[in-house]
Amino acid sequence: MRILLDDFRIARRHLANAPGFTIASITMLALGIGCSVAMYATLNGVLLRGLPFPESDRIVIVQAHDATQGLADAQLSTVEAEQLANATPGFDSLAFYWWTGVTVFDGEHAREITTQMVGAGYFESLGVEAQLGRRLRAEDIIADRPLAVLSYAEWQRGFGGDPDVIGRRIELVDEPPLEVIGVMPAAMDVFSGDTGVWRPLSKRLLPNDSINRQQRTLFMLGRLQANVSIAQANAALAARFVALREQSTAPPSGWRATARPLLDDLVGDARAALWGALALAVLVLLIAAANVAILFDARQGARRQEQAVMQAIGASRARLWRGLLLELIMVTGAASAFGLAIALISIELLRELARDSIPRVDGIAIDWSMAGLAIVLGSVVPFVAALAGSLRVRGQPVDAIRAGGRGVVGDARHSRLLPSLAMGLSTVSLISALTLAGGLWRLQQVDPGFVADRVDVLQFFRNGRDAFVPFTEQMLERLRAAPGVSAVALTSAPPLSGIGSARVDVAVVGRADAESMQASLRRVSSDYRRLLGTQLLSGRDFDGGDRRGAESVATINRTLARRLFGDASALGQQLRVPIGNDGHVTCRVIAVVDDIRNEGLRAAPVAEILVAFAQHPTNAMSFLTRSNGTGEVAAQVSGVLRAIDPRQSITRQYALADVVANELRPAQFFSRTVGAFAGVALLLAVLGVYAVATLQQQRRIGEFGLRLAIGAQPRDLALDIIGNSIKASTAGVLIGLCVAAFMLQVMDLSVLGIDAEARTTALLAGLLSMAFAAFAAATVPALRAARVLPMQALRDA
């Protein structure tokens, strides 16, 4: 033990006597460990930790898709949902639900509570019991009892967390009151978001006529039976759809239903991107470890004389090796501590950057397992360095009587291999970052089909009140007169919002062999297109004559016109459209407008049909106002609504430009995260090349002095250093280039708008950047070599 303590003190003294080496090694390893731990904490919080529900891997979301129309992730129609919920094999439970809202009024202010109306089996599918009281039962739903289950947040907000809330009533505007029977735990928020109330969705509330049953409005949740796979569940769903088509008299369709794990539905495209970001963080750690190995390897060459003297006076090679290992353990131990501190800081930055970009951000945290990971990562490096040969004792006893002991930096093989490895890994990370940055740039160039600047949206549902058209006309008139407002329009669903829109089957009148085409239905006012700046391709806008009693007219977008009529003109054509309570309505096409990317900037435009709100009003209302930039418009808009009807609640009020910005946030998060990792990786790789070039220049001072003395030019020495550095880097860069090209080829990056041209651009930019980095890293040591004084160099040799 005493010998070990002596070795520890000697190792500490050696590190203290080489502060530059010690600080550089600790800093590089700390950066690698900090990046890896922070990214793993993010991955763990979002993906690996699972959902806070019993056996959450068995919970699935069921959605409809139609490959023939290119439609995916759609809701189910009433008849489909009822058939699937009726004892589909492979499921313990299946339940349908939809989103709505209820309005409460305290005498001064109206407030909307987001509500899920649920069918039997909803809570059973999630496996969550009530925190207080009880859940809704099947008999409650069948009987459509006026009952409510509160979310934890609504219990705190609306009832102050009163433990005696069970049995109290929620007084609603224009609806019977609801009796509170239970409070759900806060864990429900992971799935239900800002839902405040769950209430029964009985069959009598569902559209049950042949027209409305074609509309896709219902969501579905289920729990798989034990040991049933997703593939088996999808086979059972497919069989159900086959039976449903055989029972139906409607024309055959391409609709199918598939199940996907709830976690996959919540996380979406973030899964692959998070794993990719973690891989790049690990690359940073590997580059840092390679650099530390380079420094230790080089330091061993510089300490050959010292090691020879130690052996000459009686020290064994085993003890010298143990001392070197202790030095490395002390370095990695300090790096683990600093790396954990870097991870703590990085986690806060990542959490803020990820907010509104990826789900489950609040689950990202550093815990004891993350601290353990930092220690493990730090502990692995010494053993890897030992296996790589960086801790070999270079000096021999005979070297003690030789002069100087100067020579090349460590082992020539290690001097080339480790920098090449670091440059290769850095090449992969840099090209990945450039590819994502290119995807983000392309996404920012996508034309959404409308102008969002200075457009504010006031969205709400008006239930059980007076006629909708007189109310909307009064609102539009008041808003046009509001100071700072330059244009006003009304729609049932604003751009990039699914709230208030519906997907319906549209068919061409008189075309018997034509299959119905699924399209998104929106009701709009006459100024809707002009306010958004969407291009009118042909025909006319809605006008004051398009009212109840007049011929029903419709505007279709470019995508629907192309799918229904090809190159022929759509103007004057008649379409049969199921429009809510109006039934199947025949609408004459009066215009074709350009596409709006209402499914998101990364998705292709879908088919859409617009009808006049005044002809087919609905309770879903979104008032759009464009300001002239002279004042605050949002407060005036909500003030106009309160003045007309103080009991009307607001579902959402926001700037349309913010919604467009939200579309870019996931790409921005991953682009910035990967870019930061790539920047650190490139810095570390450059430092590795610089360190080797510098040590090479220092160790070859005698050689350079002799060459200068016999007539060599300074530029020859500089080119020698640069050439050796570039040779050591070239192999790594080329291998990294090949690895990155393979990764970009096999990965599906179309969701980011990354095509073959974008990949090629990223590869070329990465190659040029790495070549410049390798050259720049060797330039300073090369200039030093060119300024060597021959006589001084020979004296120091």
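From a predicted model like this one, the values you see are computed outputs, not experimental measurements.

Engineer: What exactly am I supposed to notice about the packing of helix H15 (residues 468-480) against helix H18 (residues 634-644) here?
Structural biologist: Geometry of a packed helix pair, given as the angle between the helix axes and the separation of the axes. With their axes 10 Å apart at the nearest point, H15 and H18 run at an angle of 135° to one another. If you check the angle between H15 and H18, you find them oblique. Helix-helix and strand crossings are classified by hand; for H15 and H18 the assignment is right-handed. Residue-level inspection shows Phe471, Gln474, Met475, Arg478 and Leu479 of H15 in contact with H18, the latter providing Val637, Val640, Leu641, Ala643 and Ile644. In terms of residue class, the contact of H15 with H18 is made up of 8 nonpolar, 1 polar and 1 charged.

Engineer: Any chance you could explain the nonpolar core here in plain terms?
Structural biologist: Side chains of nonpolar character tend, in soluble globular proteins, to be buried together. Judged by nonpolar contacts, the single largest core of 89 residues is most densely connected at Phe53, Tyr122, Leu126, Met188, Phe191, Leu274 and Ile358. The dominant element in this core, judged by the number of residues it contributes, is helix H10 (residues 270-302), at 15 residues. When neighbours within four sequence positions are excluded, Ile358 is seen to be in contact with Thr42, Val46, Ala270, Leu274, Phe669 and Phe670. Judged by nonpolar contacts, the second largest core, of 27 residues, contains Ala452, Leu532, Val660 and Leu664.

Engineer: What exactly am I supposed to notice about the pairing of strand E2 (residues 71-74) here?
Structural biologist: Each regular strand shows side chains that alternate between the opposite faces of the sheet. Relative to E2, strand E1 (residues 59-66) runs antiparallel, the two being bridged by 2 bridges. Across the sheet, the residue bridging to Ala64 is Ala74, located in E2. Adjacent in sequence and paired antiparallel, E1 and E2 are bridged by 4 residues, among which Gly70 carries a positive phi angle near 70°.

Engineer: Before we go on, may I ask you to explain the pattern of salt bridges in this structure?
Structural biologist: Working definition: two side chains of opposite charge can pair if their charged atoms are close together. Tallied over the entire structure, the rule returns 27 salt bridges. Notably, a salt bridge pairs Glu154 with Arg157, separated by 2.8 Å at the nearest N-O pair. In this pair, Glu154 and Arg157 are both assigned in helix H6 (residues 152-159), 3 residues apart and thus about one turn of the helix distant. For Arg157, a relative accessible area of 51% gives the class exposed. One salt bridge in this structure joins Arg503 and Glu599, with 3.5 Å as the shortest N-O distance. With a gap of 96 residues between them, Arg503 in strand E15 (residues 502-508) and Glu599 in the loop between strand E20 (584-593) and strand E21 (608-612) connect regions that are remote in the sequence. On the basis of relative accessible area, Arg503 is assigned to the buried category, the value being 13%. A network of salt bridges, in which partner residues are shared, links Arg480, Asp527, Arg529, Arg530 and Asp541.

Conventions and cut-offs
Residues numbered from 1 in each chain as written. Predicted model: local features only at pLDDT ≥ 70, side-chain atom pairs only at ≥ 80, totals over all residues. Heavy atoms only, no water. Axes fitted to C-alpha atoms, helices over the stretch in contact; angles between N-to-C directions. Helix = DSSP H or I, 4+ residues; strand = E, 2+ residues; numbered from the N terminus. Parallel < 35°, antiparallel > 145°, perpendicular 65-115°, else oblique. Left-handed = near helix turned anticlockwise from the far one by under 90°. Contact = heavy atoms within 4.5 Å. Nonpolar A, V, L, I, M, F, W, Y, C, P; charged D, E, K, R; others polar. Core = buried A, V, L, I, M, F, W, Y, C linked by side-chain atoms within 4.5 Å. Buried < 20%, exposed > 50% of the residue type's maximum accessible area, 1.4 Å probe, protein only. Pairing = 2+ DSSP bridges. Salt bridge = Lys/Arg side-chain N within 4 Å of Asp/Glu carboxyl O.

Remember that the coordinates give geometry; whether it matters functionally is a separate question.
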